[in-house]
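Residue-level structural notes
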Amino acid sequence: MTAITHTNRVLSGMQPTNTLHLGNYLGALKNWVAMQDRMECLYCVVDMHAITQDSGYGKRETLAASIREVAAAYIASGIDPKKSPVFNQSRVPEHAELAWVFSCVARLGWMDRMTQFKEKTGKHKERASVGLYTYPILMAADILIYQATHVPVGEDQRQHLELTRDIAQKFNNDFAAPGFFPLTEPVITGPATRVMSLRDGTKKMSKTDESDMSRINLTDDADTIASKIRKARTDPNPLPESAKGLEGRPEAENLINIYAALADEEAETVIRRFAGHQFSSFKSELAELAVAKLTPIAAEMRRLLADPAEIDRTLKDGALRARAIAAPIMDEVKRLVGFVG
Ligand code: TYM
C-alpha cells in the first residue's frame, strides 16, 4: 500500500484556565496568526483539558467565561474565525472518541515518562485525576482527528508532540494503515518559545504562578504592563555586547527575547541596539513597546466580550466546520479498528 500524503493542516489550542499571558501570546498565538495565510488552520479552546485539574459546580461560570475569553483573545490577536474555525473542543465529540481509541494504543510506559504530569502533581500523584494523567492522549487526538501536519506551540509542549507522533506511528502499524495519521511536525519558532517569569528567570511564565507580578496578562492595562516591566527582576550589570554575554543571566535574556518577539526582530539585533545600556532605559523602551502591541488586543477583547452571544455563535459555527473534517476521519478510524455499524 502506498503511504498517504497529507495536505498541510494546522491545529493548535489553549486551555481556558485563568487569563492568557504574554508567554501564550509570543510562544504560540502570534505564530498562529502568521500561519493563517500559509495553510489551512483550526484553533480550538481545549475546555476538556481544563477540567483535568479544577472542575465542579462552583467552577461552571468561571469555565464558561474563560472559554469565551480565550476565544476572544484568539480573535483579538488576529485569528480570522471566518478563515480558521475557532471552536471549543467539547463541541466536537470526535476528539473524545479518538482519545479513547488512542488510550488503547498508547502504552503506560510512555505515559509514565510525561514530565508535565510529574511537575503538576509533585508529591500528590494519588490525588490527581486520571484525566490529568491521560491528558497528552487527548491532546494527540485533538491534533490527529484533523490529520494535522503542523502544530504551533511553545517549547513546553515538545514532549507531548513527540508522544503524538509515537501514537500516530503505532496506530498506523497496529491497524495496517501506513501513513493514515501524519507524523505531525511541532512548530516551535521565534525568539520567545519559552517566556520566563518576570520574578525569576529560571521559571516559566505561567497562568498558575501565585504572583501576578510574574506575568503580563493579555488583559492588563497600560499602567500595569509598565509597572510589571519596571519591577521585573534583573541583575546589576548593564546589557551585554553579544549573545554570549547573556549566559548565566536568565532575566536579561528573557527581557531581550520578549523585546525581540514583540518587535519582530532577531534577538541579536536587539542585543546590538541596547549593548551597554542600563536596564532602566531598556525597560522603559520595552514597556513602551509592550503597551503599544498588547493594549489594542485587550481593547478588542473587551469589545468582543461585551457580546457573549456573538462569541457563542462563532464557536458554534467553528465547531460545525471542524466536525465536517473530523467526522469522516473518525469513521475511517472505526472501520480500521473493526467497529461495524
Ligand atoms: P497551554 O494552555 O498551557 O498553553 C497554550 C500555548 O501557550 C504556550 N505557552 C508558552 N509559550 C512560551 N512561553 C511560555 N511561558 C508559555 N506558556 C505557555 C504553550 O506551549 C501552548 O502552545 N497542552 C496544551 C494545550 C493543548 C494543545 C492541544 C496544544 C491541548 N490540545 C493540541 C496544541 C495542540 C496546553 O496546556 O497549553
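Residues numbered from 1 in each chain as written. Predicted model: local features only at pLDDT ≥ 70, side-chain atom pairs only at ≥ 80, totals over all residues. Heavy atoms only, no water.

Moving on to the domain arrangement of the chain. Segmenting the chain into domains produces domain 1 (9–187 + 307–337) and domain 2 (212–302). On the side of domain 2, 13 residues touch domain 1, which itself brings 13 residues to the contact. Seen at the junction of domain 1 and domain 2, the total is one salt bridge. Here lysine 30 makes a salt bridge to aspartate 264, at a shortest N to O gap of 2.5 Å. The interface formed by domain 1 and domain 2 holds four residue pairs in polar contact (both at pLDDT 80 or more) in total. (Domains from an automatic or database assignment. Contact = heavy atoms within 4.5 Å. Salt bridge = Lys/Arg side-chain N within 4 Å of Asp/Glu carboxyl O. Polar contact = N/O pair within 3.5 Å; in protein donor to acceptor, adjacent residues only side chain to side chain.)

This part is about the nonpolar core. In terms of nonpolar packing, the biggest core is built from 62 residues, with Leu26, Leu29, Tyr74, Ile258, Leu262, Phe282 and Leu294 touching the most fellow members. Considering every element that reaches this core, the biggest residue donor is helix 12 (residues 279–305), with 11 residues. Both of domain 1 (9–187 + 307–337) and domain 2 (212–302) provide at least three residues apiece to this core. Filtering out sequence-adjacent residues up to four positions away, leucine 262 remains in contact with Leu22, Leu26, Leu286, Leu289, Ala290, Lys293 and Leu294. (Core = buried A, V, L, I, M, F, W, Y, C linked by side-chain atoms within 4.5 Å. Buried < 20%, exposed > 50% of the residue type's maximum accessible area, 1.4 Å probe, protein only. Helix = DSSP H or I, 4+ residues; strand = E, 2+ residues; numbered from the N terminus.)

Bringing the packing of helix 10 (residues 250–263) against helix 12 into the picture now. The interhelical angle for the contact between helix 10 and helix 12, taken along N-to-C directions, is 40 degrees, at an axis separation of 10 Å. By crossing handedness, the relation of helix 10 to helix 12 is classed as left-handed. For the pair formed by helix 10 and helix 12, the contact residues are Ala252, Leu255, Ile256, Ile258, Tyr259, Leu262 and Ala263 on the first element and Phe279, Phe282, Lys283, Glu285, Leu286, Leu289, Ala290, Lys293 and Leu294 on the second. Looking at the contact of helix 10 with helix 12 residue by residue, the class counts come to 13 nonpolar, no polar and three charged. (Axes fitted to C-alpha atoms, helices over the stretch in contact; angles between N-to-C directions. Left-handed = near helix turned anticlockwise from the far one by under 90°. Nonpolar A, V, L, I, M, F, W, Y, C, P; charged D, E, K, R; others polar.)

Inspection of the entire model under this criterion finds zero disulfides. Left unpaired, cysteine 44 is separated from the closest cysteine sulfur, that of cysteine 41, by 12 Å. With a relative accessible area of 0%, cysteine 44 lands in the buried category. (Disulfide = S-S within 2.5 Å.)

Taken together, 28 residues form the shell around the ligand, and within it Tyr135, Asp142, Gly154, Asp156 and Val195 come nearest. A distance of 2.9 Å separates an oxygen atom of the ligand from a polar atom in the backbone of glutamine 15. In this structure, valine 195 approaches the ligand through a main-chain N or O atom, which is 2.8 Å from a nitrogen atom. Out of a free accessible area of 710 Å², the ligand has 96% covered by protein chains. Split by residue class, the shell around the ligand holds 12 nonpolar, 11 polar and five charged. (Near = heavy atom within 4 Å. Areas by Shrake-Rupley, 256 points an atom, 1.4 Å probe, with all protein chains shown as cover.)

With that out of the way, let us pick up the side chain of threonine 164. By the secondary structure assignment, threonine 164 is in helix 8 (residues 158–174). In contact with threonine 164, not counting residues within four places along its chain, are Ala140, Ile143 and Leu144.

Let us now look at the pairing of strand 1 (residues 9–14). Buried residues dominate strand 1, accounting for five of its six residues. Bridge analysis of strand 1 against strand 2 (residues 40–45) gives six bridges, and the strand direction is parallel. Residue pairing across strands places arginine 9 opposite glutamate 40, the latter belonging to strand 2. (Pairing = 2+ DSSP bridges.)

The next subject is the pairing of strand 2. Of all six residues in strand 2, five are buried, a share of seventy percent or more. A crossover connection joins strand 1 to the parallel strand 2 through helix 1 (residues 22–35); in handedness this β-α-β unit is right-handed. Where strand 2 and strand 3 (residues 86–88) come together, three bridges link them in parallel fashion. Paired with tyrosine 43 across the bridge in strand 3 is valine 86. (Right-handed = clockwise from strand over helix to strand, strands pointing away.)

Turning our attention to the packing of helix 10 against helix 11 (residues 267–274). Orientation of helix 10 relative to helix 11, taken along the N-to-C sense of each, is 115 degrees, at an axis distance of 8 Å. On the basis of their axis angle, the class for helix 10 and helix 11 is roughly perpendicular. The two elements helix 10 and helix 11 cross, and the hand of that crossing is right-handed. Contact residues: Ile256, Asn257, Tyr259 and Ala260 in helix 10; Ala267, Val270, Ile271, Arg273 and Phe274 in helix 11. Here the contact of helix 10 with helix 11 is built from residues that sort into seven nonpolar, one polar and one charged. (Parallel < 35°, antiparallel > 145°, perpendicular 65-115°, else oblique.)

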